[in-house]
Amino acid sequence: MGVTLEGQRKESVWVSMRRQRARRALVKKIIIRPKKNLEASRRPCRAIHKRVKTLKELVPNTKSAEGLDGLFRQTADYILALEMKVRVMQTMVQVLTETDCM
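Residues numbered from 1 in each chain as written. Predicted model: local features only at pLDDT ≥ 70, side-chain atom pairs only at ≥ 80, totals over all residues. Heavy atoms only, no water.

Novice: Is there a simple way to think about the overall build of the protein in this case?
Specialist: Scanning the protein from N- to C-terminus turns up two helices and zero strands. The 102 residues of the protein split such that 6% are buried. (Helix = DSSP H or I, 4+ residues; strand = E, 2+ residues; numbered from the N terminus. Buried < 20%, exposed > 50% of the residue type's maximum accessible area, 1.4 Å probe, protein only.)

Novice: Honestly, the side chain of Thr75 in this entry has me stumped. Any pointers?
Specialist: Secondary-structure assignment places Thr75 in helix H2 (residues 67–101). We classify Thr75 as buried; its relative accessible area is 12%. Discounting chain neighbours no more than four positions away, the residues touching Thr75 are Leu55 and Val59. (Contact = heavy atoms within 4.5 Å.)

Novice: Honestly, the environment of Leu58 in this entry has me stumped. Any pointers?
Specialist: Checked against the element boundaries, Leu58 lands in helix H1 (residues 13–58). Once the C-alpha coordinates of Leu58 and Thr75 are considered, the two residues, 17 residues apart in sequence, prove to be 9.0 Å apart.

Novice: Would you take a moment to explain the pattern of salt bridges for this structure?
Specialist: Counted according to the given criterion, the structure contains one salt bridge. A salt bridge links Arg73 to Asp69, with the nearest nitrogen and oxygen atoms 2.3 Å apart. You can see Arg73 and its partner Asp69 sitting in helix H2, four residues apart, about one turn around the helix. Judged by relative accessible area, which is 53%, Arg73 ranks as exposed. (Salt bridge = Lys/Arg side-chain N within 4 Å of Asp/Glu carboxyl O.)

Novice: Whenever I open this one, the environment of Ser12 confuses me. Can you help?
Specialist: Counting through the fold element by element, Ser12 comes out in the segment before H1. Classification of Ser12 by relative accessible area gives partly exposed; the value is 25%. Within the local environment of Ser12, its side chain forms a polar contact with the backbone nitrogen of Val15, the two atoms lying 3.3 Å apart. (Polar contact = N/O pair within 3.5 Å; in protein donor to acceptor, adjacent residues only side chain to side chain.)

Novice: So what exactly am I meant to see when it comes to a nonpolar patch on the surface here?
Specialist: On the surface, Met84, Val88, Met92 and Leu96 cluster together into a nonpolar patch covering about 390 Å² of accessible area. Take Val88: it is sitting in helix H2. By relative accessible area, Val88 is classed as partly exposed at 43%. (Patch = residues over 30% accessible without salt bridge, like charges linked within 9 Å, V, L, I, M, F, W, Y side chains within 5 Å. Areas by Shrake-Rupley, 256 points an atom, 1.4 Å probe, with all protein chains shown as cover.)

Printed below as a string of structure tokens:
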């Protein structure tokens with residue numbers, strides 16, 4: 001840290017570099033932030049579309065365009081039907097194992 005002829009203190013190179021880096025970072029934050037928000041808002045949208053597509057592939061007879069409401073209704077009905085099938089199979093297993101033991 002030297003002194004200039006005018007009596008002002010001269011900044012070290014490292015201090016000036018740190019200030020420049022801080023300014024650049026602040027400018028980047030201000031300029032890039034809106035772009036990041038737009039990209040971030042698109043990512044969940046893409047993820048949602050991908051999950052809806054996967055759900056349509058898993059649930060039978062959902063290829064037609066009925067909207068999300070119809071898709072969710074059909075999915076709920078499909079889940080209930082699967083649960084009913086499981087109960088029927090469990091009952092069949094119980095009945096068949098009881099008759100084998102006798």
